[in-house]
Amino acid sequence: MPIKSYLAHPYDGKKDDLVIALSQISKCDVIPAENNDVLIIVTETDTLKEDEQLKETIEAIDSLKLLAMVSGFDTPKNN
Amino acid sequence: MQNTLSNSVLSSRRDFLKKMAAAAAMTAAATMFPGIIFAAEQEKNIPNAANLDWKKGPCRFCGVGCGILVGVENGKAVAVKGDPNSSVNKGLLCVKGYHQTMCIQAKDRLTHALVKKNGTYVKTPINEALDLVASKMKETIESHGKDAVAMYTSGQSTIPEGYIASKLMKGAIGTNNLDCNARLCMASAVTGFLTTFGADEPMGCYEDIDHADYFITWGNNMAEMHPVLFSRMLEQKSRRGAKIIDFATRTTRSSTASDRSILFEPQTDLAVANAICYEIVNNGWVDKYFVENHCNFSKGLTNIGYGLEDNFSFTDKPEKIDFAAYKEFLEDYTPEKVAKYSRVSVKDIKYLAAIYGDPNKKVVSYWCMGMNQHTRGTWINNLVYNIHLLTGKISKPGNGPFSLTGQPSACGTAREVGTFTHKLPKGVVTNEENRKLAAKIWKVPVERIPSKPTYHATEMFRAVDRGDIKFIWTQATNPLVSLPKTSRYRPAMQKDSCFVVVSDVFPTPTSDVADVILPASWHIEKSGLYGNSERRTQYWDKMVEGPGETTPDAWMFIEVARRMGYGDLFPYSKENHVEEIFNEYRQFHEGAKHGMAPLEVLKKESGAIWPYVDGKSTQWRFNEEFDPACKKGSGFDFYGKPDGRAVIWQRPYEPAPEVPDKEYPFWLDTGRVIEHWHTGSMTRRIPVLNQAMPHAYVEFHPDDAKALEIRNGELIKVTSRRGSCVLPASINERGLPTKGQVFVPFFDENMMINDVTLDAFCPISKEPDFKKCAVKVEKA
Ligand code: SF4
């Protein structure tokens, strides 16, 4: 069950749009910075395949300029 | 609706991992955007935020002195956020600040006293351990004299702790064998201030950031070491177009965030500073009125040595000179001559000089360890002051030289209380008036306070090695990781000839050699006061109970003093000793030049800057407009000097004591990283920070790595004439040293780079140079 965190950089002036778009996606938590144009995304999926699909979904968001992975964990399903 | 971590229903392990993942991202973000806030996340992790009791205090870590609010629930610290009322950080914190309280619950926290018996540590009631400490100290004094006992304290000790240490050693016992780890980080700043202005600590304040057009950082990686201030500078850069110029020996995160990065060959900052003065003088950029009315010119001795031998001593002999002589001296420092050995181009030297020389631009110079940990540390401090004095850019909002401190109370405790061998809470031991004042307030005979300084930090541990010091007590510091040349001082401290007492919060390589380990209270488990880099004194109340028999250091000193028969000098109560001690200490600084805010004010406000006069902080000293201590009509009054004039010093370039050669072809530079606080004893116990930076490394320039066929992560042995250390190589990662130089952070007790460093020091300040020695590197 992969858990990953990313830094997401929005296009200029698109931070709010990016927050809204991300909040529609399940298995994806968003922590926006208060004073900078960057968000933290934490994803939690059941399988590696689902993890990849989720990443593709996020990358397809228009307001997203750059997605940079920071850390990744994989845990057994029943843990 | 946005999902939130707290709403997720997760097993505790998964919940933990998600928090770790989020925290790792926050750490990464914080290094890219210093001072970044994730307030929503802060609040969200807080159980039942409404029920939290938020208590104010200063951050435990660096000398910036950010105001924090600690959320306490059921007697436990459960959250930390920036204090929006603190003018220092205006609600911002760096990654260390946010996570600081997480170390308190570390599994290996020292909760009880430990006494070494037959080679093993035995848990001992604190009273019994203090009995032993007092009797050993007394016994040592009786058998070997009072100069056989020593105390080594910290810029992380609180003001009352430093004060009681000084009163015990100098006033009660009557020895000047007291020094502290601030000797390793800002002693050169002190001697720089004293020789130039006759008064210690910066004249300006952090509000300078809001006014300056240029920030010039001298060997100072502020993005990692003073992140909240750097983020305030970045804000001014984007808001007003203020410019940041990074002048350093290594490309760092500060360099990449700056408008311009200028690199120089180690040690040649002395020559470049003189070349800037040459340009200022020869282009007619001198503020003649200011210099004629407020400055003198002096020169001191040259070829002053490096302190490499035991019992080294040096006394400067200042001699007045005139402007013409100074101008002639500068002829050796034309940009063309200096460019040849500094590796700074003529164009860049002229560029820097033109910034300082432009009367319409406000400039603040910042520095910290790069200039202070320098075998000519006092000189380079003097030389940067010269630049500001020649141009009159000093003591005005947005204009001034500003030496930053590394520790949270390097100013408040080490410098103001004076936990150095030569210092008293006011003035120095060599001054009879200062001794008389101390004797009066301490109620001891003046003859008891010795008039001669004894051991500064390096010499103190040399004396332990020689067997001259037979009892040493260290508090809130980890010298066996932080001293230079630990390859000598670790075996020294292991010798049976010296009884070692270590008071700390966690076990360290220093406590590993102790005969008695005393369990100290951590920051928020006691009340206290710290003084930050901008002369701001900050008070906090005890917020939570410490575990087991943990005890505030000040109270342990008092208990030991009483056991040694000095009870009448230490009449404080356990509940109120912090207040009682501070009120006694304040008497030393009464008056317009250093008056400190009363406790009632400090309890209410997020700190106050001294001199605190008529209910007001003095933000810019020595300028009549802002500083009531200035002589009326003077305009500027450098009142630390009898004639009110600051000194422009003639100080030459002199080489480092050890330079790369055939056998040891690389410079070694050591320093810090944003994630870890100094020797890492606290931050390595904070999972988020430790995960972000789990171990030290040796940084190479890619060309050097290529020539030596070294790959990233490969284990490398770094060796000097003193010792060696094995670390993984780091190429093009955190920082980029210049060619011919390697850099190693010193936070990692498992990779002891200080076994390799050299214990040479500035002969005036006695501060060691951790930034320059010669090493060879090979695959391990
Ligand atoms: S910048 Fe310094 S004082 Fe401020 S939060 Fe970070 S470590 Fe603490």
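As the structure is a prediction and not an experimental result, all values here were calculated from the model. Per-chain numbering applies: the sequence of each chain, read as written, is numbered from 1 onward. Here chains are named by letter from A upward and ligands by number from 1 upward, in the order in which they appear as written. The predicted origin of the model limits local features to residues at a pLDDT of at least 70 and limits the giving and counting of side-chain atom pairs to 80 or more, whereas totals for whole chains, interfaces and linings rest on all residues. For the side-chain quantities, the full set of heavy atoms in the structure was used; hydrogens and water were omitted.

**Examining the overall build of chain A**
- Labels follow the DSSP assignment, with helices taken as runs of H or I lasting at least four residues and strands as runs of E lasting at least two, numbered in each case from the N terminus. Helix and strand content of chain A: two helices and four strands.
- Overall, chain A shows an N-to-C arrangement of helices and strands of β-α-β-β-α-β.
- Here chain A holds 79 residues, and 51% of them are scored as buried.
- Nonlocal contacts in chain A, meaning residues at least 24 apart in sequence, comprise 66% of its contacts between residues at least 6 apart.
- Entry remark: accessible area of chain A is about 4,000 Å², with carbon and sulfur atoms responsible for 47%. When accessible area is computed with a 1.4 Å probe and restricted to protein chains, residues below 20% of their type maximum are described as buried, those above 50% as exposed, and intermediate ones as partly exposed. Here, two residues are considered to be in contact whenever any of their heavy atoms come within 4.5 Å of each other. Accessible surface is estimated by sampling points in the Shrake-Rupley manner with a 1.4 Å probe; for residues, cover comes only from the protein chains shown.

**Some thoughts on unusual backbone geometry**
Residues and elements named next belong to chain B.
- Following Trp610, the chain continues into Pro611 via a peptide bond in cis, with omega recorded as -5°.
- Notably, Arg343 is not glycine yet its phi reads approximately 65°, a positive angle.
- The residue Arg343 is located in the loop between helix H13 (335-342) and helix H14 (346-357) in this model.
- Its identity is not glycine, yet Phe622 carries a phi of approximately 70°, on the positive side.

**Some thoughts on empty space enclosed by the protein**
All names here are of chain B.
- Only protein atoms enter the calculation, which uses a 1 Å grid: trapped sets of points that fit a 1.4 Å probe without letting it out are cavities, open sets showing protein on both sides within 12 Å along at least five of seven lines are pockets, and any residue with an atom within 4 Å of a point is a lining residue. Grid points are joined across faces, edges and corners, and a volume is the space filled by probe spheres set on the points. Taken as a whole and judged by the stated rule, the model has six cavities of 30 Å³ or more.
- Put simply, the largest cavity is a space of about 450 Å³.
- The wall of the largest cavity is formed by 36 residues, among which Gln156, Asn181, Gln407, Trp677 and His678 lie closest to the centre.
- If you list the elements that add at least two residues to the lining of the largest cavity, you get strand S17 (499-504) and strand S25 (666-671).
- Charged means Asp, Glu, Lys or Arg here, nonpolar means Ala, Val, Leu, Ile, Met, Phe, Trp, Tyr, Cys or Pro, and polar covers whatever is left, Gly included. When its residues are assigned to classes, the lining of the largest cavity shows eleven nonpolar, 18 polar and seven charged.
- As annotated, the domain borders come from an automatic or database domain assignment. Two domains each put at least three residues into the lining of the largest cavity: domain 2 (113-183 + 408-564) and domain 4 (666-779).
- Space inside the second largest cavity adds up to approximately 390 Å³.

**Observations regarding the domain arrangement of chain B**
Residue and element names in this part refer to chain B.
- Partitioning chain B into structural domains gives domain 1 (5-103), domain 2 (113-183 + 408-564), domain 3 (187-404) and domain 4 (666-779).
- Each partner contributes residues to the interface: domain 1 has 15 residues there, and domain 3 has 14 residues.
- Two parts placed together each lose some accessible area under a 1.4 Å probe, and adding up what both lose gives the buried area. Interface area for domain 1 against domain 3, summed over the two sides, is near 1,100 Å², with a carbon-plus-sulfur share of 63%.
- The salt bridge criterion pairs a side-chain nitrogen of Lys or Arg with a carboxyl oxygen of Asp or Glu, the two atoms within 4 Å. Taken together, the connections running from domain 1 to domain 3 amount to one salt bridge.
- A salt bridge links Lys90 to Asp210, with the nearest nitrogen and oxygen atoms 3.8 Å apart.

**Quick word on the site of the ligand**
- By nearness alone, every residue bordering the ligand is listed as B:Cys59, B:Phe61, B:Cys62, B:Gly65, B:Cys66, B:Leu93, B:Cys94, B:Lys96, B:Gly97, B:Pro227 and B:Val228.
- Going through the elements one at a time, helix H3 (95-99) and helix H8 (227-240) of chain B are the ones with two or more residues in the shell around the ligand. We call a residue near a given molecule or strand whenever any one of its heavy atoms falls within 4 Å of it.

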